[in-house]
Amino acid sequence: AQKVTQAQTEISVVEKEDVTLDCVYETRDTTYYLFWYKQPPSGELVFLIRRNSFDEQNEISGRYSWNFQKSTSSFNFTITASQVVDSAVYFCALSERGLDDKIIFGKGTRLHILP
Amino acid sequence: DTAVSQTPKYLVTQMGNDKSIKCEQNLGHDTMYWYKQDSKKFLKIMFSYNNKELIINETVPNRFSPKSPDKAHLNLHINSLELGDSAVYFCASSQEQGSGNTIYFGEGSWLTVV
């Protein structure tokens, strides 16, 4: 069984603050993949990052950074110096090795950046 | 150019009607999907096709029938629409079958059944 938990249903921060979105996953497989997607108010789903289970290096892309910790089964996402355009629902997702195409999504965290 | 495009974007229809949503991807991907997002934003896979072959059918009612005329197209036909079918339906594609492939989504089709 696999499961993705995003415990934060909704977060509000003031613009320019840093914010971290939590993601905890469960899997029995040793090879798996983690993803983050963004869904802005316009509704489309935008791919942000993919990470495989063997690569524990943290990643930074501009104001976005991701902290992958296998020991705690977490793949957290931090936005530094948040902007109003970061307001969206963010989904963490997991898929396991093999021919099973399923990506299992968490329930999402709705992020409000207040001006 | 839109990588994964689906039409219509908005669809309002009455219960009992039959409707279709079309999807096309120009990424050259082998695998295509339909996902459903309910009112609580929960995203769940419905179907996946690899090179026109059905791979995943995720316990979806028989009223939903996907059709893939070629690997660049995956259409979704829904018969006898019910109120509970109201949702956003996302088409998506990935390079190939198998986990670890990044899935790229279309812009969604908002279906409202009245």
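This structure is a prediction, so every number in the text was calculated from the model and none was measured. (Residues numbered from 1 in each chain as written. Chains lettered and ligands numbered in written order. Predicted model: local features only at pLDDT ≥ 70, side-chain atom pairs only at ≥ 80, totals over all residues. Heavy atoms only, no water.)

## Some thoughts on the overall build of chain A
When you go through chain A residue by residue, the secondary structure sums to zero helices and twelve strands. Compactness check: chain A gives a C-alpha radius of gyration of 14 Å against a globular reference of 13 Å for 115 residues, within 12% of the reference. If one aligns the C-alpha atoms of chain A with their principal axes, the spans along those axes are about 45 × 25 × 20 Å. Residue burial in chain A is summarised as follows: out of 115 residues, 48% are buried. Just so you have it, chain A exposes about 5600 Å², and 49% of that area is on carbon and sulfur atoms. (Helix = DSSP H or I, 4+ residues; strand = E, 2+ residues; numbered from the N terminus. Rg over C-alpha atoms; globule rule 2.2 N^0.38 Å. Buried < 20%, exposed > 50% of the residue type's maximum accessible area, 1.4 Å probe, protein only. Areas by Shrake-Rupley, 256 points an atom, 1.4 Å probe, with all protein chains shown as cover.)

## Here we look at the pairing of strand β7 (residues 64-70) of chain B
Residue and element names in this part refer to chain B. Relative to strand β8 (residues 73-78), β7 is paired through five bridges, and the arrangement is antiparallel. Looking at β8, one finds that Ser65 is bridged to His77. Between β7 and β8, which follow one another and run antiparallel, lie two residues. (Pairing = 2+ DSSP bridges.)

## Thoughts on the confidence of the model for chain A
Mean pLDDT over chain A: 92, with 95% of residues reaching 70 or higher. Looking across chain A, the model is least confident in strand β7 (residues 59-61) of chain A, with a mean pLDDT of 89, and most confident in strand β3 (residues 19-21) of chain A, with 98. (pLDDT = per-residue confidence, 0-100.)

## What to know about the interface of chain A and chain B
Contacts between the two partners involve 24 residues from chain A, matched on the other side by 26 residues from chain B. Overall, the association of chain A and chain B removes approximately 2000 Å² of surface from exposure, summing both partners, and the carbon and sulfur fraction of that is 58%. Along the contact surface separating chain A from chain B lie zero salt bridges. Counting across the chain A and chain B interface gives four residue pairs in polar contact (both at pLDDT 80 or more). Breaking the side of chain A that touches chain B down by element, the ones donating at least two residues are β5 (32-39), β6 (46-52) and β10 (88-96) of chain A. Here the side of chain A that touches chain B is built from residues that sort into ten nonpolar, five polar and nine charged. (Contact = heavy atoms within 4.5 Å. Buried area = accessible area lost by both parts, 1.4 Å probe. Salt bridge = Lys/Arg side-chain N within 4 Å of Asp/Glu carboxyl O. Polar contact = N/O pair within 3.5 Å; in protein donor to acceptor, adjacent residues only side chain to side chain. Nonpolar A, V, L, I, M, F, W, Y, C, P; charged D, E, K, R; others polar.)

## Things to note about the pairing of strand β3 (residues 19-25) of chain B
If a strand is regular, its side chains alternate between the two faces of the sheet. Residue and element names in this part refer to chain B. Examined bridge by bridge, strand β1 (residues 4-7) and β3 share four bridges and lie antiparallel to one another. Residue pairing across strands places Gln6 opposite Cys23, the latter belonging to β3. Of the pairings in the sheet, the one linking β3 to β8 comprises four bridges and is antiparallel in character. Paired with Ile21 across the strands is Leu76, a residue of β8.

## Side note on the packing of aromatic side chains
Scanning the entire structure with this criterion turns up 21 aromatic pairs over all chains. Where Phe91 of chain A meets Phe105 of chain A, the ring centres are 6.2 Å apart and the plane angle is 85°; that geometry is what we call edge-to-face. One end of the pair, Phe91 of chain A, is in strand β10; the other, Phe105 of chain A, is in strand β11 (residues 104-105), and 14 residues separate them in sequence. The pair Phe91 of chain A / Phe105 of chain A is uniform in exposure class, with both members buried. Both rings, one in Phe105 of chain A and one in Phe105 of chain B, keep their centres 6.0 Å apart while their planes meet at 70°; by these two values the pair is edge-to-face. Here the residue Phe105 of chain A occupies a position in strand β11, and Phe105 of chain B occupies one in strand β10 (residues 104-105), the pair thus bridging two chains. Here a set of aromatic residues connected by ring pairs shows up, and it is made of Phe35, Tyr37, Phe47, Phe91 and Phe105 of chain A together with Tyr33, Tyr35, Phe90, Tyr104 and Phe105 of chain B. (Phe/Tyr/Trp six-rings, centres within 6.5 Å; stacked < 30°, edge-to-face > 60°.)

## A look at the pattern of salt bridges
All names here are of chain A. Enumeration according to the criterion identifies six salt bridges over all chains in this entry. When the shortest N-O distance is used, the salt bridge between Asp55 and Arg51 registers 3.7 Å. With a relative accessible area of 5%, Arg51 lands in the buried category. When the shortest N-O distance is used, the salt bridge between Glu59 and Arg51 registers 2.4 Å. In this structure, a network of salt bridges that share partners links the residues Arg51, Asp55 and Glu59.

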